[in-house]
Amino acid sequence: MGRMITIEPVTRIEGHAKVTIHLDDAGNVEKARFHVNEFRGFEKFCEGRLFYEMPQITERICGICPVSHHLVSVKACDEILGVEVPRTAKLLRELMHMGQTIQSHSMHFFELAGPDLLLGFDADPAIRNVVGVIQADAQLALKAVTLRKFGQEIISRLGERRVHPIFAVPGGVNKALPAADRDAILSQIATMIAYVQDGLAVMKAWMEKHQQEVETFAAFPTAYLGMVGKDNSLQLYDGQMRLVDAHRKEIDRFDGRKYLDYIAEHVESWSYLKFPYYKKLGWPNGVYRVGPLARLNAADRIDTPLAQKEFEIFRQVRGGKVLDGSLYYHYARLIEDLYCVERTQQLLEHPEILSMQIHTAGRVTNRQGVGVIEAPRGTLWHQYWVDEHGQLEKVNLLVATGNNNYAMSRAVEEVAKAYVKGPEVSEGALNRVEAAIRAYDPCLSCSTHALGRMPIDLAVYDPAGKQVNRKRRGQ
Amino acid sequence: MPTKVTVASDWLAGCAGCHMSLLDIDERLVTLLQHATLLSTPITDLKHPPDTGVDVGILEGAVNNSANEAVAKQMRQRSKILIAMGDCAVFGGIPTMRNCPKLEACLRRAYIETESTVDGRIPDDPELAVMQETRPLDQVVDVDIYLPGCPPPADAIFYLLTELVAGRKPQLTGKYLDWH
Ligand code: SF4
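What you see is a predicted model; the values in this text were computed from it and never measured.

Across its full length, chain A holds 17 helices and 16 strands. Residues counted as buried form 67% of the 475 residues belonging to chain A. Restricting to contacts in chain A with at least 6 residues of sequence separation, those with at least 24 account for 69%. On chain A, roughly 14,900 Å² of surface is accessible, and the fraction owed to carbon and sulfur atoms is 49%.

Of all hydrophobic cores here, the largest spans 103 residues; its most connected members are A:Ile21, A:Leu92, A:Phe314 and A:Val420. At twelve residues, helix α13 (residues 328-348) of chain A tops the list of elements feeding residues into this core. Aside from chain neighbours lying at most four places away, what touches A:Ile21 is A:Arg3, A:Met4, A:Ile5, A:Ile7, A:Val29, A:Lys31, A:Ala32, A:Ala416, A:Val420 and A:Val433. Counting residues in hydrophobic clusters, the runner-up holds 59 residues, among them A:Ile57, B:Val5, B:Met97 and B:Ile157.

Reports of interface size often rely on the accessible area that becomes lost once the parts have come together. Taken together, the contact between chain B and chain A spans 65 residues of the former and 85 residues of the latter. Note on chain B versus chain A: buried area summed over both sides is about 6,000 Å², and carbon and sulfur give 59% of it. The tally of links between chain B and chain A comes to five salt bridges. Its salt-bridge partner being A:Arg148, residue B:Asp24 comes within 2.8 Å of it at the nearest N-O pair. When residues of the side of chain B that touches chain A are traced back to their parent elements, those giving at least two are β1 (5-11), α1 (17-23), α2 (28-35), β4 (63-65), α3 (66-78) and α5 (103-113) of chain B. Residue contributions to the side of chain B that touches chain A peak at seven residues, all from α5(B). Along the lines of polarity and charge, the residues of the side of chain B that touches chain A split into 32 nonpolar, 16 polar and 17 charged.

Looking now at the site of the ligand. Taken together, 13 residues are adjacent to the ligand, and B:Cys15, B:Cys18, B:Asp87, B:Cys88 and B:Cys150 come closest. Positioned at a junction of chains, the ligand has nearby residues supplied by chains A and B. Broken down by class, the residue content of the shell around the ligand amounts to five nonpolar, five polar and three charged.

Tracing the backbone through its elements, the reader meets A:His35 in strand β3 (residues 29-36). Each C-alpha atom, one on A:His35 and one on A:Glu427, is 20 Å from the other, the two residues being 392 residues apart in sequence.

Another point: the side chain of B:Glu163. The residue B:Glu163 is located in helix α6 (residues 154-165) in this model. When near neighbours in sequence (up to four residues on either side) are disregarded, B:Glu163 contacts B:Arg168, B:Lys169 and B:Pro170.

Turning our attention to the sheet that holds strand β13 (residues 378-386) of chain A. Sheets are built from strands paired through backbone hydrogen bonds, the pairs being either parallel or antiparallel. All names here are of chain A. Reading across from one edge, β12-β13-β14 is the order of the three strands in this open sheet, with antiparallel pairing throughout. Each of the sheet's edge strands pairs with one partner strand only, and the pair in question is β12 (368-375) and β14 (392-398). Here the average twist between neighbouring strands, direction ignored, is 10°. Note: β13 against β14, six bridges, orientation antiparallel. The residue bridging Gln383 from the neighbouring strand is Asn396, located in β14.

In this section: the side chain of A:Gln308. All names here are of chain A. For Gln308, the position within the fold is in helix α12 (residues 305-316). Using a relative accessible area of 18% as the deciding quantity, one classes Gln308 as buried. Polar side-chain contacts of Gln308 include one of 2.8 Å to the backbone nitrogen of Ile302. Contacts of Gln308, omitting those with residues within four sequence positions, involve Arg301 and Ile302.

What follows deals with α2(B). When α2(B) is considered as a whole, its buried residues turn out to be B:Leu29, B:Leu32 and B:Leu33. Seen end-on, α2(B) carries its buried residues on one side only, within an arc spanning 100°. In this structure, the buried side of α2(B) is in contact with α5 (130-136) of chain A together with α1, β2 (36-38) and α6 of chain B.

What counts and what doesn't
- Chains are numbered independently. Their residues run from 1 in the order of the written sequence.
- As they are written, the chains are lettered A onward and the ligands numbered 1 onward, keeping that order.
- Per-residue local features of the predicted model are confined to residues with pLDDT of at least 70, and side-chain atom pairs are confined, for both listing and counting, to 80 or more; whole-chain, interface and lining totals are unaffected and use all residues.
- Neither water nor hydrogens contribute to the side-chain values; these are computed over all heavy atoms in the structure.
- A run of H or I in DSSP counts as a helix once it spans at least four residues, and a run of E counts as a strand once it spans at least two, with each numbered from the N terminus.
- Here the term buried applies to any residue with accessible area under 20% of the maximum for its type, exposed to any over 50%, and partly exposed to those in between, with areas from a 1.4 Å probe on protein chains only.
- Throughout, a contact is declared for two residues whenever any of their heavy atoms are within 4.5 Å.
- Computed with a 1.4 Å probe, the accessible areas rest on the Shrake-Rupley method; for each residue, only the protein chains presented here act as cover.
- Nine residue types can take part in a nonpolar core, namely buried Ala, Val, Leu, Ile, Met, Phe, Trp, Tyr and Cys, and a core is a set of them joined through side-chain atoms within 4.5 Å.
- Buried area: the accessible area, evaluated with a 1.4 Å probe, that two parts lose upon being put together, summed over both parts.
- The salt bridge criterion pairs a side-chain nitrogen of Lys or Arg with a carboxyl oxygen of Asp or Glu, the two atoms within 4 Å.
- Amino acids are sorted into nonpolar (Ala, Val, Leu, Ile, Met, Phe, Trp, Tyr, Cys and Pro), charged (Asp, Glu, Lys and Arg) and polar (every other residue, Gly among them).
- We call a residue near a molecule or strand as soon as one heavy atom of that residue lies within 4 Å of the molecule or strand.
- A pair of strands counts as paired when DSSP detects no fewer than two bridges linking them.
- Under this scheme, a helix contributes an axis fitted over its contacting stretch, all axes are lines through C-alpha atoms, and angles between N-to-C directions fall in the 0 to 180 degree range.
- Each polar contact in these results corresponds to two N or O atoms within 3.5 Å; when the atoms are within protein, one needs to be able to donate a hydrogen and the other to accept it, and residues that are neighboring in sequence are counted only if both atoms are side-chain atoms.
- Summarising the geometry, the arc corresponds to the directions from the helix axis toward the C-beta atoms.

The following block contains the structure:
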């Protein structure tokens with residue numbers, strides 16, 4: 001008699017999702033599914049709007065990474081105008097992107113995933129949260145809040161607001177950077193670098209203590225996709241797409257704007273989140289992962305000195321072999337965080353950063369445009385088709401978290417198989433299932449162009465669909 | 001010492017931006033937590049507000065499916081004061097744009113017609129929530145306090161919560177209203 005366990009909703013992730021764990025007669029896990037439970041329909045309801053409204057509208061896909069949507073959208077709009085964006089405008093956009101990535105990565109490590117690492121997967125769920133982290137290590141918590149604030153303030157200095165800024169416009173940006181703002185941000189860099197390094201030290205100590213778990217927890221082979229420069233350096237704003245296999249051998253390299261030739265999406269009846277894959281290998285052989293770990297696996301180097309040093313250590317964790325355990329995402333996320341703070345400094349010290357040449361005017365020239373960017377959670381695409389007046393005819397969005405849909409489902413299954421035996425399951429085991437999802441920092445608002453989240457409500461059903469056991473946690 | 005005010009929050013069809021704005025009170029969060037206890041929220045592991053209820057319930061987002069409706073009703077039932085946080089909860093916001101084209105057309109575009117989709121189908125598993133017309137929160141449950149803005153400014157959220165914690169009725173005017 002088969003049974004099913006439901007985890008709903010999953011917490012400390014952004015989005016509405018639930019997990020079902022299907023048990024066989026002997027009470028062993030047969031399969032597990034990660035259902036994403038939301039659909040908002042941006043692809044359709046944006047039709048008929050004017051293309052230049054999209055950087056404002058699509059921010060509302062996600063309040064955690066609105067800047068990613070803002071910027072990728074404006075990149076697609078640039079293509080519709082067909083103009084060359086001034087260098088300073090590109091630098092300023094990238095600066096905003098760094099602010100976004102710093103706030104998102106810092107928040108995730110300390111406030112969403114941190115409680116599992118700092119307090120333990122089996123800690124009392126009543127304290128296993130950011131408040132518990134504050135109680136356990138107030139100083140560290142304050143550093144986390146300050147790092148997030150630093151990122152958010154870069155965004156608001158440029159775009160007036162922390163969430164849903166108004167800054168990038170097709171052809172450039174709407175405001176030059178005042179010297180006072182540059183100096184104010186620069187004055188904090190050294191402190192922020194130290195804070196991220198503290199986070200990295202915490203992470204490394206944790207990995208040392210939990211070597212076995214880090215190595216085996218939801219570890220499985222996939223390909224990895226990430227944006228790189230010509231020299232295969234990590235890039236987040238602009239570059240080429242590089243796909244490497246499970247041993248880091250390059251499979252392909254392509255211009256992200258031609259994604260339709262390389263990437264396709266598969267649909268399952270049980271999730272509102274689609275499953276992208278590499279077209280030439282087909283579904284499911286062409287599955288890949290994105291986001292911090294994938295980007296570091298796909299890159300050969302990092303262009304800033306401190307992050308490069310950390311990257312070298314990262315590469316040597318398994319003697320140069322690929323890191324495929326899902327918990328390594330947390331480690332990679334912090335190395336990227338460090339890169340972003342250093343890159344912020346590089347951008348601000350660029351001789352042209354204060355230039356007033358920030359916009360190139362243009363009119364609708366091309367009937368189609370694609371934008372691609374590395375959002376905190378992975379590669380993000382927007383594509384728009386317009387009529388001669390710039391009214392949208394069609395919209396396609398391929399979002400970061402979607403690219404990790406296969407990986408999250410697989411991670412859930414791996415962890416369920418390792419920790420769940422029979423319908424009597426400990427709370428800590430269920431939290432580990434959630435933690436497998438959390439490693440990917442999914443943003444389900446984004447991914448279904450929707451939003452949600454997940455606490456746990458566990459129900460065990462018999463094959464006739466009758467509920468035979470129910471456990472809610474956190475009540 | 002007076003007992004702490006209990007707070008629960010959740011998100012419906014929105015973007016999490018309102019909760020981000022709540023976190024944007026930065027280090028004042030620590031001050032707030034001296035007077036308020038966070039129970040179920042998207043950033044804690046308590047999954048539902050307790051049956052014994054909370055003093056303040058906060059909801060972000062519009063209601064656009066059966067799961068959201070259930071969450072909204074439970075939060076209403078278990079909160080003394082219910083706050084609609086942000087334009088989506090107050091007016092419906094961007095999520096209501098889905099009401100204009102037919103829902104079926106939205107689903108077809110997303111899961112069948114998009115250029116990158118191969119062999120698409122509209123997800124219909126019984127585990128998934130049932131889609132509804134998108135509504136602002138007060139068309140589903142009674143709302144006590146409306147806090148507009150997309151998102152509302154962090155200062156407005158902090159002011160609102162500190163007033164409630166102090167047992168006063170907040171006056172949301174002037175700089176606390178953000179009409180972007
Ligand atoms: S009101 Fe704005 S910030 Fe809040 S959930 Fe809605 S779209 Fe996001």
